[in-house]
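Survey of secondary and tertiary structure
Next come the chains, spelled out residue by residue.
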Amino acid sequence: MNAPLLEVRDLAKRFVGRAGRDQPLWVIKDLTFSVADGEFLTIIGPSGAGKTTLLNMIAQIDVANGGEVIFQSQPAPISDPKALDPGLHCRIGYVTQEDNLLPWRTTLQNVLFPLEVQGRLNDETRKHADMLIRAVGLAGFENHYPHELSGGMRKRASLIRTLVYDPPVILMDEPFGALDAQTRTQLQEDLLRLWNLGRKTIVFVTHDIAEAIALGDRTLVLSRAPAKIAGEHVITIPRPRDIRGIMMHPDFAELYQRIRAQVQ
Amino acid sequence: MSTQDAALDLAEAAPVRWRRYGVLIGRVLLIALLLVLWKVGADIAGPLYAADPIKVFQRTVADVQSGTLLRHIYVTLRLSLIGFALACVAGVVLPFVLRRMPRLTAAVEPYIMASVGIPKYALIPLFILYFGIDDAPKLWLIGLLVFYPIFIAVFAGIRNVDRRLINMARVVGAGEFVIAREVIWNSLLPFFFAALKIALPRAISAAIIGEFLVGNEGLGFLIENSRQNFDTVGVFEGIAVATALVLVINALLVALDRRVNAWRPVERHMQL
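Along every chain, residues carry numbers that run from 1 in the direction the sequence is written. Going through the entries in the order they are written, you letter the chains from A and number the ligands from 1. Restriction of local features to residues with pLDDT of at least 70 applies here, the model being predicted, together with a cutoff of 80 or more for giving and counting side-chain atom pairs; totals for whole chains, interfaces and linings are based on all residues. Hydrogens and water are ignored here; the side-chain numbers use all heavy atoms of the structure.

Let us now look at the overall build of chain A. A count of helical and extended segments in chain A gives seven helices and ten strands. In terms of C-alpha radius of gyration, chain A reaches 19 Å, essentially the compact-globule figure of 18 Å for 264 residues. A principal-axis box enclosing the C-alpha atoms of chain A has dimensions of 50 × 50 × 40 Å. Three labels apply to residues, based on accessible area from a 1.4 Å probe with only protein chains included: buried if under 20% of the type maximum, exposed if over 50%, partly exposed otherwise in between. Counting across all 264 residues of chain A, residues that qualify as buried make up 55%. Residue contacts are counted whenever heavy atoms from the two residues lie within 4.5 Å of one another. Within chain A, residue pairs in contact and separated by at least 24 positions form 70% of the contacts whose partners lie at least 6 positions apart. Of the roughly 11,700 Å² of accessible surface on chain A, 49% is carried by carbon and sulfur atoms. Side chains of chain A give 30 positive and 31 negative charges; the mean places of these two sets differ by 3 Å. What counts as a helix is a DSSP run of H or I of at least four residues, what counts as a strand is a run of E of at least two, and both are numbered from the N terminus. In this description the radius of gyration comes from C-alpha coordinates, and the expected globular size is given by 2.2 Å times residues to the power 0.38. The accessible surface values rely on the Shrake-Rupley method and a 1.4 Å probe; as for residues, cover is taken only from the protein chains in view. Here the positive residues are Lys and Arg and the negative ones are Asp and Glu; neither His nor the chain ends is included. For this purpose, a charge sits on NZ of Lys, CZ of Arg, CG of Asp or CD of Glu.

Quick look at the nonpolar core now. F33 of chain A together with F192 of chain B are the most contacted members of the largest nonpolar core, which has 141 residues in total. With 17 residues, helix α8 (residues 176-213) of chain B is the single largest residue contributor to this core. Setting aside residues up to four positions removed in sequence, F192 of chain B forms contacts with C88, V92, I150, V154 and W185 of chain B. As used here, the term nonpolar core means buried Ala, Val, Leu, Ile, Met, Phe, Trp, Tyr and Cys residues forming a set that is joined through side-chain atoms within 4.5 Å.

Turning to the pattern of salt bridges, a few remarks are in order. All names here are of chain B. By definition here, a salt bridge exists when the distance from a side-chain nitrogen of Lys or Arg to a carboxyl oxygen of Asp or Glu is within 4 Å. Summed over all chains, the structure comprises 31 salt bridges over all chains. E217 is the partner of R71 in a salt bridge, and the nearest nitrogen-oxygen pair spans 2.6 Å. Of the two residues, R71 is situated in helix α3 (residues 68-99) and E217 in the loop between α8 and α9 (219-228); the sequence distance between them amounts to 146 residues. For E217, a relative accessible area of 28% translates into the label partly exposed. Several salt bridges converge on common partners, so that one network encompasses R99, R100, R170 and E176.

All names here are of chain B. Definitions used for this entry: grid spacing 1 Å over protein atoms alone; cavity, a set of points where a 1.4 Å probe fits but cannot get out; pocket, an open set with protein on both sides within 12 Å along at least 5 of 7 lines; lining residue, one with an atom within 4 Å of a point. Grid points are joined across faces, edges and corners, and a volume is the space filled by probe spheres set on the points. Enumeration according to the criterion identifies one cavity of 30 Å³ or more in this entry. Size it by volume and the largest cavity reaches roughly 50 Å³. Around the largest cavity sit I124, F127, I128, P137, K138, L141, G210, L213 and V214, which together line it. Residue assignment for the lining of the largest cavity shows that the elements contributing at least two residues are α5 (124-131), α6 (135-159) and α8.

Shown next, in the form of structure tokens:
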């Protein structure tokens, strides 16, 4: 196998104690893992395990207090706040927990925003955006403002806003966390369908074990803070997967039990 | 989902329209009432203290026809808008510059905020001393009165921008200029418009006060000169025209605000 697309080595993050009195708190320490090209990696951990912090550091929004993030064999400038390069020149996409749509832009304008700032807006990319909008069922809502959309629709818009510029790696931070079960399953199906079209590398963080199994090729379990890898599971369930029936698959129960035992 | 919303809109449309007509009728009645009160009050107070609205109207029409009133309006409006534009640019640009220099901002912020408290009108004699009796002292007064509300609103607006939107924009490849223009500017537009609604009427008031003191043209001159000649009708004419001017400007501003900030989920009946 080739060198991994993305490597995290001995990553550490410290939060300074309040008013300097408390001990500094290590949320992440000695965290090491790698992601292969085209892999769908899911990361699961209890809340407060530093999952968002981890993704923020990989996306270069937040500085690390130790360790390395290596992308395509190049170490990223991750410890120096001045040298941070959010998104590593548009090569790391990030679908955050909140949709972070620009409220003054319509659905279509939001989806086109990355192409616009990257100077890549042309007939071809517009067509691609149009295809994605239809693929996630937002056709007819192109000219609606975010506050006129439902939570699920906003999520879809924020998802395809990242897909539209085709970054080699996409980080996802519990993107479907705040949705009702029905919408959530629908979006998981949409995501897998879109992923099947392009086979992007995805790092998907969640606290839902079933979701981690249903979506991932491999699942990492994070321990409580300071977060480390508590376990690694290859998800053997073959693709294409039926999300609604995933719990019926013979391997599911065993995987679920094994992962659950490690998530404290 | 949306079809349901649309249905709700339809269901509400008829009562809302009637309510709007009701409000409109009420407003017209209120204006009529105020005019009647003015007339009655003027009759009671006598022509030296309060001018008869009918005479004020006749005088206004006559002055419009002779062109003198339009000249006064032009002079005041021109001065207000020049002062406003200069101060507005400074009030918008300075916070964006300070944003890039957090340490300088931290150092000067208390002084800027303290200088808000200086009564600007008290500086008029100094302005006249420094800048003579042309437009310059008036422009300084207008400029200072406009600058502060705009500066403070934009400054606060920049502080209130959602960090997560900025991070999102950075991740998808936006540079500092795009972030300032797209994310920050749009985020603070509602703040900016709130400040404009304070600053534009202030600009006109400041111009009028400046004209009380120096110069021989403009609405301020019209009011003060009429007073010196015991011409109460002229005083009231000037006040009425100045008020109408501010109202027209406000109406334009509200229309512009609606257009520019159409994306905001504001309840329509909450709009002033």
